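Residue-level structural notes
Residue-level listing of the chains:
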Amino acid sequence: MKILIAFFVLFASNIFANDLSTYKALGEEVGLTKVVDDLMVNLLKDERTKRFFEKADQKRIKEKLVEQFCMELGGPCKYTGQSMSRSHKGQDIKHSHFFALVELLQQAMDKHKIPSTAQNKLLAKLAPMHKDIINK
Amino acid sequence: MKFMKFVLAASLVSFNVQAFESSDKLLLTGGVNQLEGSAGGGLTPWALIGGYGTQEQIGANAFYTNVAISDYNLVSTGALVGIHDRVELSYAHQSFDTKDVGTALGLGYGFKLKQSIFGIKVKLIGDAVLDQDSWLPQIAFGIQYKKHEQGKIVRSVGAKDDKSFDFYLAGTKIFLAQSILANVTLRATEANQLGILGYGGDRINHHQLMIEGSVAYLLTRKIAVGVEYRTKPNNLNVASEDAWFDAFVAWAPMKNVSATLAYAYLGNIVLNQDQSSLYTSIQLGF
Ligand code: HEM
């Protein structure tokens, strides 16, 4: 029972925390750039995702991803890229590709020692975008 | 010793299966195999579809669970298949070693009560992982068909049947921003001690609604710790039954292997009060 209460206190305190702590935990723009650089390296290595990114403008995608992550975490950036539905339309992205990308992002964040709580906060922001990305 | 051998064999197998791994769900998001074979926590089925297959894939796993109880021992083995992240088919075989109580009941020391459980689970709505912008949990409906191997013996303690269905509705939500998984399961059942003592009884002989709950904290993407609670019917005059509780840690070092360790409090079982147990489980994915 005590454990259960502890869980809920933790839970409640997390819901109401609305600050830049996650943005900072990810190392702000400099840290995000490193993570996204490694994400792209991983995406180009992985058999599941490689064909999507080989011929794409990798530099632009990285730049837009950093802007997007930064903005989603409340950082001082503005996302200037295209909408998620527009940039993923017609690519035949499946659930398996989406989860593959998430996994490669987790691995990139692990490499930079981003705490799991901060990783999950970023992923929680990105996950709902599946509606505009998968099977479009 | 037997268990160690199994673990060893298991880790060898895992190196082979890794070569054709093609299941892309995230670690631990298929749950582990609960005692009755369905994907869930240790005690409770969750709405998650087991295995790591996504909507385009089929995932499968096999498990071996040992529950070393104060005065008994339970072994549950089985497997499940998750089809397109929508339907889960599972099988479990439970063997309950009565040890000294076997002698007391005139069955002989170490007499084993056995049942098979065939499960089906269908995801109805929601996605516990992806729908982070909604409070709606993933909801699934499941059936566990249970068949006892020793109808005569369970009838002699007061059970009314040697086969029965459990029906359940499970809601599971992963609150990713909080790194928390929460689950509530409602189950209609007439099984005595999961069914190890048969189904229905001389005290109560119909399905009753039970509630089961789990809360887990995702320490990392590979390790989850949590607690579970499961209420149970009390159908037999001779052997009262208590709600079960456990505290667990589940570890998935990679996609095709996970291990669960738990302390479970099981209360009264047949002639023995205050049974506590050490729950160990290994799961191999394909
Ligand atoms: C939550 C997950 C995802 C996010 C947040 C995301 C974000 C982005 C962003 C910001 C861009 C740049 C848009 C622009 O150029 O203005 C982009 C483009 C792209 N994304 Fe994603 N993406 C996700 C998932 C995926 C997945 C799963 C794939 C495939 C495996 C994928 C493949 C691509 C490709 C190929 C482009 C370049 C499209 C082009 O050439 O115009 N994305 N994505």
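Structure first, text after, so check above.
Residues numbered from 1 in each chain as written. Chains lettered and ligands numbered in written order. Predicted model: local features only at pLDDT ≥ 70, side-chain atom pairs only at ≥ 80, totals over all residues. Heavy atoms only, no water.

**Brief notes about the packing of helix H7 (residues 95-111) of chain A against helix H8 (residues 116-126) of chain A**
Residue and element names in this part refer to chain A.
- In the contact formed by H7 and H8, the axes pass within 11 Å of each other and the chain directions differ by 155 degrees. One finds that H7 runs roughly antiparallel with respect to H8. Classified by chirality, the crossing of H8 by H7 is right-handed. Residue-level contacts link Phe-98, Val-102, Leu-105, Gln-106, Met-109 and Asp-110 of H7 to Gln-119, Leu-122, Leu-123 and Leu-126 of H8.
- Here the contact of H7 with H8 is built from residues that sort into seven nonpolar, two polar and one charged. (Axes fitted to C-alpha atoms, helices over the stretch in contact; angles between N-to-C directions. Helix = DSSP H or I, 4+ residues; strand = E, 2+ residues; numbered from the N terminus. Parallel < 35°, antiparallel > 145°, perpendicular 65-115°, else oblique. Left-handed = near helix turned anticlockwise from the far one by under 90°. Contact = heavy atoms within 4.5 Å. Nonpolar A, V, L, I, M, F, W, Y, C, P; charged D, E, K, R; others polar.)

**As for the environment of B:Gly106**
- Following the sequence through the fold, B:Gly106 ends up in the loop between helix H2 (99-104) and strand E6 (112-125).
- What makes B:Gly106 exposed here is its relative accessible area of 65%. (Buried < 20%, exposed > 50% of the residue type's maximum accessible area, 1.4 Å probe, protein only.)

**Quick word on the nonpolar core**
- Within the largest apolar cluster, 77 residues are counted, with the highest numbers of intra-cluster contacts made by A:Phe69, A:Leu105, A:Met109, A:Leu122, B:Leu35, B:Ile69 and B:Phe96.
- Ranked by the residues each element gives to this core, the list is headed by H7(A), at seven residues.
- Setting aside residues no more than four positions away along its own chain, B:Leu35 makes contact with B:Gly42, B:Leu43, B:Thr65, B:Val67, B:Leu74, B:Ser76, B:Ala92, B:Gln94, B:Leu194, B:Trp244 and B:Tyr279.
- The next biggest cluster of nonpolar side chains, apart from the first, holds five residues, and it includes B:Phe175, B:Ile180, B:Val215 and B:Val227. (Core = buried A, V, L, I, M, F, W, Y, C linked by side-chain atoms within 4.5 Å.)

**A few points about the sheet that holds strand E13 (residues 257-269) of chain B**
Residues and elements named next belong to chain B.
- Within the closed barrel, the twelve strands sit side by side as E3-E4-E5-E6-E7-E8-E9-E10-E11-E12-E13-E14. Their pairing is antiparallel. Averaged over all adjacent pairs, the angle separating strand axes in this sheet is 20 degrees, with direction ignored.
- When strand E4 (residues 73-83) meets strand E5 (residues 87-97), the two strands line up antiparallel, connected through eleven bridges. Directly across from Ala-79, in E5, lies its bridge partner Tyr-91. (Pairing = 2+ DSSP bridges.)

**Observations concerning the site of the ligand**
All names here are of chain A.
- The full set close to the ligand counts 21 residues, and Phe-52, Arg-60, Gln-82, His-88 and Gln-91 are the nearest of them.
- Residue Arg-60 places a side-chain N or O atom 2.8 Å away from an oxygen atom belonging to the ligand.
- Contact between the ligand and His-88: a nitrogen atom at 2.9 Å from a side-chain N or O atom of the residue.
- Elements with a minimum of two residues in the shell around the ligand: helix H4 (50-53), helix H5 (58-72), helix H6 (84-88) and H7. (Near = heavy atom within 4 Å. Polar contact = N/O pair within 3.5 Å; in protein donor to acceptor, adjacent residues only side chain to side chain.)

**Quick look at the pattern of salt bridges**
Residues and elements named next belong to chain B.
- What the rule picks out here adds up to 25 salt bridges over all chains.
- The partner of Asp-162 in a salt bridge is Lys-163, with the nearest N and O atoms 3.7 Å apart.
- For Asp-162, a relative accessible area of 14% corresponds to the buried category.
- Here Glu-241 makes a salt bridge to Lys-232, at a shortest N to O gap of 3.3 Å. The pair Glu-241 / Lys-232 is uniform in exposure class, with both members buried. (Salt bridge = Lys/Arg side-chain N within 4 Å of Asp/Glu carboxyl O.)

**With respect to the interface of chain A and chain B**
- Counting residues at the interface gives 28 residues for chain A and 30 residues for chain B.
- Summed over the shared surface of chain A and chain B, the result is four salt bridges.
- As a salt-bridge pair, A:Asp110 and B:Arg221 come within 2.8 Å of each other at their nearest N and O atoms.
- Remark: the boundary between chain A and chain B carries ten residue pairs in polar contact (both at pLDDT 80 or more).
- With nine residues, the single largest contributor to the side of chain A that touches chain B is H7(A).
- Of the residues belonging to the side of chain A that touches chain B, the class tally is 13 nonpolar, nine polar and six charged.

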